[in-house]
Amino acid sequence: MIKPAAKFYDPIRKEREIREWWETAKIYEKLKEMQKGRPKWTFLDGPPYASGSIHLGTAWNKIIKDTILRYKTMRGFDVTRQPGWDCHGLPIEVKVEEKLQVKSKKEIEERIGVANFIQQCKQWAIEHVKIMTEQFKELGVWMDWDSPYITFKNEYIESAWWTLKRAYEKNLLKRDLRVIHWCPRCETALAEHEVRGEYYEVSDPSLYVKFKVRGKQNEYLLVWTTTPWTLPANVAVCVHPEFEYARVLVNDEVLILARALISRVFLELGVKDYQVVEVVKGKELEGLQYEHPLINEVPAQREFEKHHRVICGELVTLEEGTGCVHIAPGHGEEDFEIGEKYQLPVFSPVGPDGKFTGEAGKYARLYVKAADELIIEDLKKKGLVAKYGKIKHTYPHCWRCRTPLIFRATEQWFLTVKELKPRILELNSKVKWTPGWAAVRYVNGVESVGDWCISRQRYWGIPMPVWMCSSCGQLLVIGSLDELRQMARTEISEDIDLHKPDVDKIELRCPCGGSAKRIPDVLDVWFDSGVASWASLEHPKRELHGWPFDFITEGEDQITKWFYSQQVLSVVAFDDVPYKSVLMHGFALDEQGRKMSKSLGNVVEPQEVVRRYGADVLRFYMLSANPVWEDLKFSWKGVELIYKLLNVLWNVHVFATTYMSLDGFNPAQADMEKINQGLLPEDRWLISRINSLVSKVTKEMEEYNLHLAAREIAEFILEDLSRRYIKLIRGRVWIEKEDPHKLAAYAALYQSMHVLIRLLAPFMPHVTEVLYCELVRAVSPNAPESVHMLPWPTVDQSQIDRKLEEGMSIVSRFVEAAARIRQEAGLKLRWPVQTIVVRTGKKELIRELKDLFQSQLNCKELVILGENDKLPRDTEEFRKTSTEYGEIWVDMRMSPELKAEALAREVVRRMQMMRKEMDLEMEERVDAIVGVENRDDLYMLSGQQEYIKREVRIRNLRLCPIEEAKEKGYSKEWNIDGKRYQLALKKIG
RNA sequence: GGGCCCGUAGCUUAGCCAGGUUAGAGCGCUCGGCUGAUAACCGGGAGGUCCUGGGUUCAAAUCCCAGCGGGCCCA
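Only a predicted model underlies this, so the values are computations on that prediction, with no experimental measurement involved.

1. A look at the overall build of chain A
Move 1: Counting its regular elements, chain A contains 33 helices and 37 strands.
Move 2: Across its three principal axes, chain A shows a C-alpha extent of roughly 125 × 80 × 55 Å.
Move 3: Counting 144 positive and 148 negative side-chain charges, chain A places the averaged centre of each group 3 Å from the other.

2. Quick word on the nonpolar core
Move 1: Ranked by size, the top nonpolar core spans 233 residues in total, and within it Ile-454, Phe-527, Phe-634, Leu-756, Phe-763 and Phe-853 carry the most contacts.
Move 2: If you tally residues by element for this core, the top one is helix H25 (residues 706-734), at 14 residues.
Move 3: The residues contacting Leu-756, other than those within four sequence positions of it, are Leu-649, Ile-690, Leu-693, Ile-713, Phe-716, Ile-717 and Leu-721.
Move 4: Among the nonpolar cores identified, the runner-up in size contains 68 residues, and Val-213, Val-298, Tyr-363 and Phe-414 belong to it.

3. Describing empty space enclosed by the protein
Move 1: Taken as a whole and assessed by the stated rule, the structure comprises four cavities of 30 Å³ or more.
Move 2: If you trace the largest cavity, you find twelve residues lining it, with Gly-89, Leu-90, Arg-456, Leu-523 and Val-525 closest to the centre.

4. A short note on the sheet that holds strand S19 (residues 452-453)
Move 1: The four strands lie next to each other as S6-S5-S17-S19, forming an open sheet whose pairing is antiparallel. Sheet topology places strand S6 (188-189) and S19 at the edges, where each strand pairs with a single neighbour.
Move 2: Examined bridge by bridge, strand S5 (residues 173-183) and strand S17 (residues 406-415) share ten bridges and lie antiparallel to one another. If you follow His-181 over to S17, its bridge partner there is Phe-407.

5. A word on a nonpolar patch on the surface
Move 1: Together, Tyr-274, Val-276 and Val-279 line one region of the surface with nonpolar side chains, adding up to about 220 Å² of accessible area.
Move 2: Tracing the backbone shows Val-279 in strand S12 (residues 275-281).

6. Remarks on the environment of Arg-485
Move 1: With respect to the helices and strands, Arg-485 occurs in helix H15 (residues 481-487).
Move 2: Among the residues examined, Arg-485 registers a relative accessible area of 28% and is labelled partly exposed.
Move 3: Between the alpha carbons of Arg-485 and Pro-148 there is a distance of 27 Å; along the sequence they are 337 residues apart.
Move 4: Setting aside residues no more than four positions away along its own chain, Arg-485 makes contact with Ile-492, Ser-493 and Glu-494.

7. Brief notes about the packing of helix H24 (residues 681-702) against H25
Each pair of packed helices can be described by the angle between their axes along with the distance between the axes.
Move 1: Contact geometry of H24 with H25 gives a least axis separation of 9 Å together with a crossing angle of 175°. Of the possible angle classes, the one that applies to H24 and H25 is roughly antiparallel.

8. Some remarks on the pairing of S17
Move 1: Counting buried positions along S17 yields nine of ten residues, so the element is predominantly enclosed.
Move 2: For S17 and S19, the ladder comprises two bridges, and the chain directions are antiparallel. From the neighbouring strand, Leu-415 faces S19, where its bridge partner is Trp-452.

9. Comments concerning the sheet that holds strand S26 (residues 549-555)
Move 1: Read across the sheet, three strands follow the order S18-S27-S26 without closing on themselves; strand pairing throughout is parallel. The open sheet has two edge strands with one neighbour each: strand S18 (432-434) and S26. Strand-to-strand, the axes of this sheet are offset by a mean angle of 15°, without reference to chain direction.

10. Side note on the side chain of Ser-455
Move 1: Tracing the backbone through its elements, the reader meets Ser-455 in strand S20 (residues 455-456).
Move 2: Look at Ser-455 and you get buried, because its relative accessible area is 0%.
Move 3: A polar atom in the side chain of Ser-455 sits 2.6 Å from the side chain of Gln-412.
Move 4: Of note is the side chain of Ser-455, whose polar atom sits 2.9 Å from the backbone nitrogen of Trp-413.

11. Quick notes on helix H4 (residues 90-100)
Move 1: A large share of H4 lies buried, amounting to eight of its eleven residues.
Move 2: Within the sequence span of H4, burial applies to Leu-90, Pro-91, Ile-92, Glu-93, Val-94, Val-96, Glu-97 and Leu-100.
Move 3: After H4 finishes, the residue Gln-101 shows a positive phi value of roughly 55°.

12. Looking at the environment of Ile-12
Move 1: As for its position among the elements, Ile-12 is in helix H1 (residues 11-24).
Move 2: For the pair Ile-12 and Val-610, spaced 598 residues apart in sequence, the C-alpha separation works out to 7.7 Å.
Move 3: When sequence neighbours within four positions are dropped, the list of residues in contact with Ile-12 reads Val-610, Arg-611, Arg-612, Tyr-613 and Gly-614.

13. Focus on the environment of Ser-855
Move 1: Relative to the assigned elements, Ser-855 resides in helix H30 (residues 850-857).
Move 2: The class of Ser-855 is exposed, set by a relative accessible area of 53%.
Move 3: For the pair Ser-855 and Leu-728, spaced 127 residues apart in sequence, the C-alpha to C-alpha distance is 9.0 Å.
Move 4: Only 3.2 Å separates the side chain of Ser-855 from the backbone oxygen of Leu-852, close enough to count as a polar contact.

14. With respect to the packing of aromatic side chains
Move 1: Taken as a whole and judged by the stated rule, the model has 36 aromatic pairs.
Move 2: The interplanar angle of 50° and the centroid separation of 5.1 Å between the aromatic rings of Phe-211 and Tyr-290 together place this pair among those described as tilted. Pair noted here: Phe-211 is in strand S7 (residues 199-213) and Tyr-290 is in strand S13 (residues 290-291), with a separation of 79 residues, a long-range link. Of the two residues, Phe-211 and Tyr-290, both sit in the buried class.
Move 3: Linked through ring pairs, Tyr-613, Tyr-621, Phe-634, Trp-636 and Tyr-643 together constitute an aromatic cluster.
Move 4: Lys-62 extends its terminal NZ or CZ atom over the ring of Phe-136, reaching a point 4.5 Å from the ring centre.

15. Concerning the side chain of Thr-58
Move 1: Within the secondary structure, Thr-58 sits in helix H3 (residues 56-74).
Move 2: Excluding residues that lie within four positions of it along the chain, Thr-58 makes contacts with Pro-48 and Phe-136.

16. Thoughts on the packing of helix H21 (residues 615-624) against helix H22 (residues 636-662)
Move 1: At a minimum axis separation of 9 Å, H21 and H22 run at an interaxial angle of 120°. Helix-helix and strand crossings are classified by hand; for H21 and H22 the assignment is right-handed. Every residue of H22 that contacts H21 at Val-617, Phe-620, Tyr-621 and Ser-624 is listed here: Gly-638, Val-639, Ile-642, Tyr-643, Leu-645 and Leu-646.
Move 2: For the contact of H21 with H22, the residue count by class is eight nonpolar, two polar and no charged.

17. Details of the confidence of the model for chain A
Move 1: Overall, the prediction assigns chain A a mean pLDDT of 89, with 98% of residues at 70 or greater.
Move 2: For this predicted complex, the interface confidence score (ipTM) comes to 0.89, while the overall pTM stands at 0.86.

18. Overview of the pattern of salt bridges
Move 1: One pass over the structure, following the stated rule, counts 72 salt bridges.
Move 2: Taking the shortest distance from any N to any O, the salt bridge between Asp-10 and Arg-13 comes out at 4.0 Å.
Move 3: With relative accessibility at 33%, the residue Asp-10 sits in the partly exposed group.
Move 4: Classification of Arg-13 by relative accessible area gives partly exposed; the value is 40%.
Move 5: Glu-426 is the partner of Arg-423 in a salt bridge, and the nearest nitrogen-oxygen pair spans 2.9 Å. With Arg-423 and Glu-426 both in helix H13 (residues 417-428), this residue pair falls three residues apart, about one helical turn.
Move 6: One salt-bridge network, held together by shared partners, links Asp-10, Arg-13, Lys-14 and Glu-17.

19. Describing the state of the cysteines
Move 1: This structure, assessed with the given rule, holds zero disulfides.
Move 2: Note on Cys-87: no disulfide assigned, nearest cysteine sulfur contributed by Cys-121 at a separation of 11 Å.

20. Some points on helix H19 (residues 562-574)
Move 1: Between the first and last C-alpha of H19 there are 17 Å, a value that for 13 residues agrees with the 18 Å anticipated at 1.5 Å per step.
Move 2: Across the 13 residues of H19, twelve count as buried, placing the element largely inside the fold.
Move 3: Among the residues of H19, those classed as buried are Trp-562, Phe-563, Tyr-564, Ser-565, Gln-566, Gln-567, Val-568, Leu-569, Ser-570, Val-571, Val-572 and Ala-573.
Move 4: Within two residues after H19, Asp-575 carries a phi angle of roughly 55°, on the positive side.

Parameters at a glance
Residues numbered from 1 in each chain as written. Chains lettered and ligands numbered in written order. Predicted model: local features only at pLDDT ≥ 70, side-chain atom pairs only at ≥ 80, totals over all residues. Heavy atoms only, no water. Helix = DSSP H or I, 4+ residues; strand = E, 2+ residues; numbered from the N terminus. Lys, Arg positive; Asp, Glu negative; His and termini not counted. Charge placed at Lys NZ, Arg CZ, Asp CG, Glu CD. Core = buried A, V, L, I, M, F, W, Y, C linked by side-chain atoms within 4.5 Å. Buried < 20%, exposed > 50% of the residue type's maximum accessible area, 1.4 Å probe, protein only. Contact = heavy atoms within 4.5 Å. 1 Å grid on protein atoms, 1.4 Å probe; cavity = no way out; pocket = protein on both sides within 12 Å on 5 of 7 lines; lining within 4 Å. Points joined across faces, edges and corners; volume = space filled by probe spheres on them. Pairing = 2+ DSSP bridges. Patch = residues over 30% accessible without salt bridge, like charges linked within 9 Å, V, L, I, M, F, W, Y side chains within 5 Å. Areas by Shrake-Rupley, 256 points an atom, 1.4 Å probe, with all protein chains shown as cover. Salt bridge = Lys/Arg side-chain N within 4 Å of Asp/Glu carboxyl O. Axes fitted to C-alpha atoms, helices over the stretch in contact; angles between N-to-C directions. Parallel < 35°, antiparallel > 145°, perpendicular 65-115°, else oblique. Polar contact = N/O pair within 3.5 Å; in protein donor to acceptor, adjacent residues only side chain to side chain. Phe/Tyr/Trp six-rings, centres within 6.5 Å; stacked < 30°, edge-to-face > 60°. Lys NZ or Arg CZ within 6 Å of the ring centre and 35° of its normal. Left-handed = near helix turned anticlockwise from the far one by under 90°. Nonpolar A, V, L, I, M, F, W, Y, C, P; charged D, E, K, R; others polar. pLDDT = per-residue confidence, 0-100. Disulfide = S-S within 2.5 Å. Expected span 1.5 Å × (residues − 1).

What follows is the structure in structure tokens.
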């Protein structure tokens with residue numbers, strides 16, 4: 001049986017109860033069981049980094065996923081829901097270093113021990129995966145939390161090894177000397193995608209240095225740099241071959257710089273008097289030799305003296321500097337590239353720790369940034385500094401420890417992506433991107449990308465499965481643990497952990513008879529996540545079922561990160577793409593559209609929202625606020641609005657269950673024939689609306705327009721159900737008898753609610769479960785246990801009546817217009833009026849709605865005219881207004897009969913308030929006295945006694961002058977239109 | 001510097017792709033009303049350089065170009 005619902009909904013408590021019930025009753029497990037045998041729909045979870053706690057963006061990400069997965073499940077698919085965790089890499093290493101108070105790699109190796117360090121990292125990851133899992137569960141996210149894929153497991157590592165071996169076999173793995181970003185604190189190389197978005201504003205030196213031209217008395221190349229510490233590694237100066245360069249006489253010196261930059265540079269240098277002596281093309285300067293400004297301090301430079309000259313390159317711009325660019329191939333990407341062209345030496349006298357090596361002469365052992373001042377001093381002493389100041393500019397930083405990065409020339413391992421590019425782009429056409437322009441961004445990203453540096457000189461990562469023979473130099477790339485066992489010189493224990501330092505101890509047998517040692521590097525973590533689509537399936541050990549995946553969705557920053565790394569490695573491993581469709585989502589920003597950051601103090605924790613309003617509200621808010629692919633500007637007001645929506649939904653539920661239980665309505669045993677006969681136009685309208693809603697919501701879900709689907713549902717709840725339908729049937733359900741129309745209203749309401757909770761279930765999984773339990777399970781114990789086991793509702797086209805829907809809109813428009821007239825005239829809606837006339841071109845559409853139209857207008861007579869019909873006579877005292885559907889006239893005259901009815905309504909309304917205050921049961925009867933001050937009013941009310949008794953559920957009613965209304969039960973004096981009334985109610989028995 | 005997206009009332013936004021009513025809502029403000037599901041709700045009012053400037057057109061929030069501001073990505 002349906003029971004009256006709790007008066008108020010407590011989302012926090014209820015949601016917890018529901019989640020506990022899901023666990024104890026094993027609802028999720030049962031659902032998975034039910035799915036077996038259905039068509040597969042495979043989803044791959046982008047593994048969040050096991051950083052410790054989820055933020056709003058992570059929450060949004062999982063909410064989007066969960067909603068789509070729930071929807072697809074209801075659509076009848078066997079959906080895969082394995083979550084993933086990205087566990088390797090620097091962020092965790094940095095956290096563990098903090099915990100152990102480690103400052104350098106040396107300390108890890110000597111004081112802590114690599115084995116211990118790795119163990120701590122693993123422990124850290126395990127703990128934080130656990131914490132984050134709980135946080136995701138609190139959002140109502142259903143995934144296989146007990147069997148996630150985790151990047152540090154042996155099986156996962158083996159998949160990565162296998163992939164790297166494929167790259168090697170395809171000749172895509174190269175070892176090369178290159179200049180790359182290097183973190184001097186973490187002492188490791190960084191890939192270009194790790195530097196993306198990590199440019200921050202810093203203050204650096206702005207130094208103008210004079211490079212003395214060899215063989216000239218007083219001629220100098222004017223060079224600008226923000227990194228004086230790279231000057232010891234300078235080997236050339238570059239000019240643009242096509243730009244014009246000027247020899248400018250300043251005091252007794254001749255300076256060479258780009259002609260276009262003269263005024264800007266001299267303003268900076270504070271030079272006012274100068275004379276342009278000569279103008280030449282950059283090309284003509286090529287080969288001009290100079291004296292290295294630090295030749296004495298850095299004796300190693302003597303070896304490169306023949307290179308100390310002007311070279312030409314397109315990299316020179318007129319945006320900044322002097323047009324003469326100092327080139328240090330060991331410390332700049334572009335410098336390195338042009339250095340290759342001119343066969344310049346790659347001089348990089350800087351160690352992994354960011355300190356100068358012995359090759360840097362005088363500066364040896366100094367940290368590079370710390371050497372800046374000393375270098376400038378030395379230059380000043382020689383009179384080579386034209387100007388030294390500071391400049392604010394953006395400079396790349398380490399994405400974990402925020403140390404400014406340096407460029408360093410080192411030997412690293414690369415995947416030669418450049419060669420794969422055409423194929424990557426070609427295969428990308430198989431992927432369906434939502435929105436379409438995300439694909440444009442992807443293609444742009446791939447086109448501009450270089451080779452992928454995959455080696456890292458760290459500890460907590462997948463060890464590169466590359467061994468090198470110390471005798472013949474042969475590389476042995478291992479693709480699995482079994483292979484490793486076969487090749488190893490010694491026995492490998494059963495429970496080996498495929499991390500450093502254990503794998504480093506294993507030596508392999510080279511075919512030459514020699515012994516091979518592993519190269520010490522680990523893999524870039526983006527390699528880890530890049531193999532997720534098959535590593536999560538433990539391929540190649542197991543078969544690839546459901547690959548490529550049907551669907552993935554992640555934030556826009558992943559376009560050149562996870563989407564990119566996956567597609568690259570998938571082309572390497574399978575010459576295919578790993579998924580069929582991608583939905584890109586935006587970023588969670590603050591209300592002003594700024595990034596949430598601790599320093600701005602504008603961070604909103606998802607837990608905070610959940611604690612205040614519940615997970616359903618957070619979910620619905622995030623899904624309805626905007627399209628998934630746009631950035632979400634988080635607004636507390638927006639959240640509160642959804643909380644109100646939830647409240648209205650609950651109130652509808654309270655209304656439904658209250659009356660249905662009063663009348664013992666049982667939808668499972670209802671007489672359908674009787675119900676169909678009792679259906680009124682508004683009932684058919686509601687059923688038409690809910691079917692239209694199913695159709696619209698389904699269409700939007702299929703296109704990932706989650707926001708439009710959510711908004712349609714919200715509008716139905718607020719407009720159609722709460723504002724309109726319940727208002728219309730209120731009178732019907734108040735009737736105290738078996739009434740076919742009442743039954744029909746229950747049936748229509750029940751049917752709509754049943755459909756509504758299914759549409760809403762993917763968005764608000766908790767409250768819909770409560771509604772389902774109290775509304776459906778209460779009467780049909782054999783129905784599926786959980787709302788999430790139900791199929792998605794289907795549209796019954798035969799129940800959609802567009803003309804009826806339009807007719808109702810017209811009626812509403814006119815009712816609103818009438819209310820406007822009444823308000824202007826001071827006629828309360830509670831007071832009936834005699835006649836209302838409506839003239840419209842849509843007469844046909846509202847003909848069958850006349851009864852409900854009239855009752856909403858609260859008039860005795862309703863005249864509906866066609867467009868060309870004439871107005872009846874006697875409408876001089878009517879007031880008129882217009883709507884988009886036609887005009888409406890309201891009779892302003894109040895007859896004594898109407899006044900009596902109006903008065904009766906005023907009395908009834910006050911007595912209803914008193915009933916409420918007395919906390920009476922809804923159907924409970926009372927005795928009542930109405931004491932009236934005014935004789936005329938007393939007379940008028942005497943004709944309304946039956947109406948009053950019916951509406952207030954009165955057994956005995958006594959009307960009398962106010963002085964005779966002796967206190968009886970609950971009594972209260974009222975003022976109605978300036979006259980005193982004494983109203984008294986008394987409980988019976 | 002380049003690519004992509006966003007910019008509409010104090011706030012959150014619909015409309016823009018396929019140009020054509022008086023730019024439509026909600027929140028907030030304000031005045032009035034309704035209420036035995038409602039902690040709700042309804043009606044009136046105030047509040048808009050549709051980011052700016054050009055262009056196309058009979059007609060531009062909508063299409064095109066340039067710029068400004070914000071976001072993401074790249075350099």
